[in-house]
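# Structural characterization, general
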Amino acid sequence: KLEQPIEIEIRQGETTKAYPTKLIDIAPQTISIIAPQEEGKVLPIEGGTWVKLVVSEGGVVFTFDTLVQGAKIQGTVPVLILQKPARMERIQRRSNFRVPTEDFPVKVKYIESGRVHNITAVCREISGGGMMIIVDTYIPQGASIELNFKLSDEPEIFSLIGEVRRCEQIET
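Every chain is numbered independently, its residues counted from 1 as its sequence is written. It should be noted that, the model being predicted, local features are given only for residues of pLDDT at least 70 and side-chain atom pairs only at 80 or more, the latter also being counted only at that level, while totals for whole chains, interfaces and linings use all residues. Side-chain calculation: all heavy atoms of the structure are included, whereas hydrogens and water are not.

### Structural notes on the overall build of the protein
Here is the rule we go by: To qualify as a helix, a DSSP run of H or I must reach at least 4 residues; to qualify as a strand, a run of E must reach at least 2; elements of each kind are numbered from the N terminus. To get the radius of gyration, use the C-alpha atoms; to get the globule rule, take the number of residues to the power 0.38 and multiply by 2.2 Å. Here the Shrake-Rupley method, with its probe set to 1.4 Å, supplies the accessible areas, and only the displayed protein chains count as covering residues.
Each helix and strand in the protein was counted, giving zero helices and 14 strands. N-terminal to C-terminal, the α/β element order of the protein is β-β-β-β-β-β-β-β-β-β-β-β-β-β. In summary, the protein has a C-alpha radius of gyration of 23 Å against a globular reference of 16 Å for 172 residues, an excess of more than 25%. C-alpha atoms of the protein, sized along the principal axes, occupy 65 × 35 × 35 Å. Accessible area of the protein: about 12000 Å², with a carbon and sulfur share of 49%.

Below you can see the structure in the form of structure tokens.
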């Protein structure tokens, strides 16, 4: 969407540097961004240069390579005109990488309105920062939960205390 903050990555020799910028126009064949700057000076990027744009949308990060087609001044703003990409790639940008799991059962215990609820869930992803579990009921955001599960054929049962960060309905 227009005025959305994005990042442009530019390869300079052996290094790649990222610069903040904004999307300012979307045309049928091109997109325009505010030309990146360093120390208050517009970076000289020639037409024909390949760059990478990184776009965050609703917590999801997309990236794509594109070709610089030219530059112009729009009012007083220096603008880069880029080729509109054919496709965007979703990337992982988290401090803890998520690992998809083969669905395994998780016993979930939580308290809501003074009542103790015991349900069985299925784990879909696990990371150093949490788990994605699939449940057939709504558990409120912020609720404290106790999780009990086994990994693979290990005899040990893991018991964890956690907090619901997000609960969304998914299509099945």
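Having seen it, we continue.
### Topic: the sheet that holds strand E11 (residues 115–127)
The condition is simple: The pairing criterion for strands is at least two bridges between them, as found by DSSP. An axis is simply a line fitted to the C-alpha atoms; with a helix, the fit covers only the stretch in contact. Between two such axes, the angle follows the N-to-C directions and lies from 0 to 180 degrees.
Ordered in space as E12-E11-E10-E13-E14, the five strands form an open sheet in which the pairing is antiparallel. In the strand order of this sheet, the two ends are held by strand E12 (130–134) and strand E14 (158–163), each with one partner. The mean angle between the axes of side-by-side strands here comes to 40°, regardless of whether they run parallel or antiparallel. Of the pairings in the sheet, the one linking E11 to E12 comprises five bridges and is antiparallel in character. Following the sheet pairing, Ser 127 is matched in E12 by Gly 130.

### Details of the pairing of strand E10 (residues 99–112)
Looking at chain direction, E10 and E11 are connected through 11 bridges and run antiparallel. Across the sheet, Lys 107 pairs through a bridge with Thr 120, a residue of E11. Hairpin geometry of E10 and E11 is characterised by an intervening segment of two residues between the two adjacent antiparallel strands and by a positive phi of about 55° at Ser 113.

### Some words on the pattern of salt bridges
So the rule is basically this: Note on definitions: salt bridges are taken to be side-chain nitrogens of Lys or Arg within 4 Å of carboxyl oxygens of Asp or Glu. Each residue's exposure class comes from its accessible area (1.4 Å probe, protein chains only) as a fraction of the maximum for that residue type: buried when under 20%, exposed when over 50%, partly exposed otherwise.
The tally for this structure, following the rule as stated, stands at four salt bridges. Close ionic contact of Asp 103 with Arg 124 constitutes a salt bridge, the shortest N to O distance being 3.1 Å. Of the two residues, Asp 103 sits in strand E10 while Arg 124 sits in strand E11, which places them 21 residues apart along the sequence. A residue is classified by how much of its surface remains accessible, and Asp 103, at 45% relative accessible area, is partly exposed. The partner of Arg 165 in a salt bridge is Glu 163, with the nearest N and O atoms 4.0 Å apart. The exposure class assigned to Glu 163 is partly exposed, which follows from its relative accessible area of 47%.

### Overview of the side chain of Gln 4
To be explicit about the condition: Whether two residues are in contact is decided by their heavy atoms, any of which lying within 4.5 Å being enough.
As for its placement among the helices and strands, Gln 4 is situated in the segment before strand E1 (5–12). Owing to a relative accessible area of 6%, Gln 4 belongs among the buried residues under this scheme. Setting aside residues no more than four positions away along its own chain, Gln 4 makes contact with Thr 21, Lys 22, Leu 23, Val 55, Ser 56 and Glu 57.

Remember that the coordinates give geometry; whether it matters functionally is a separate question.
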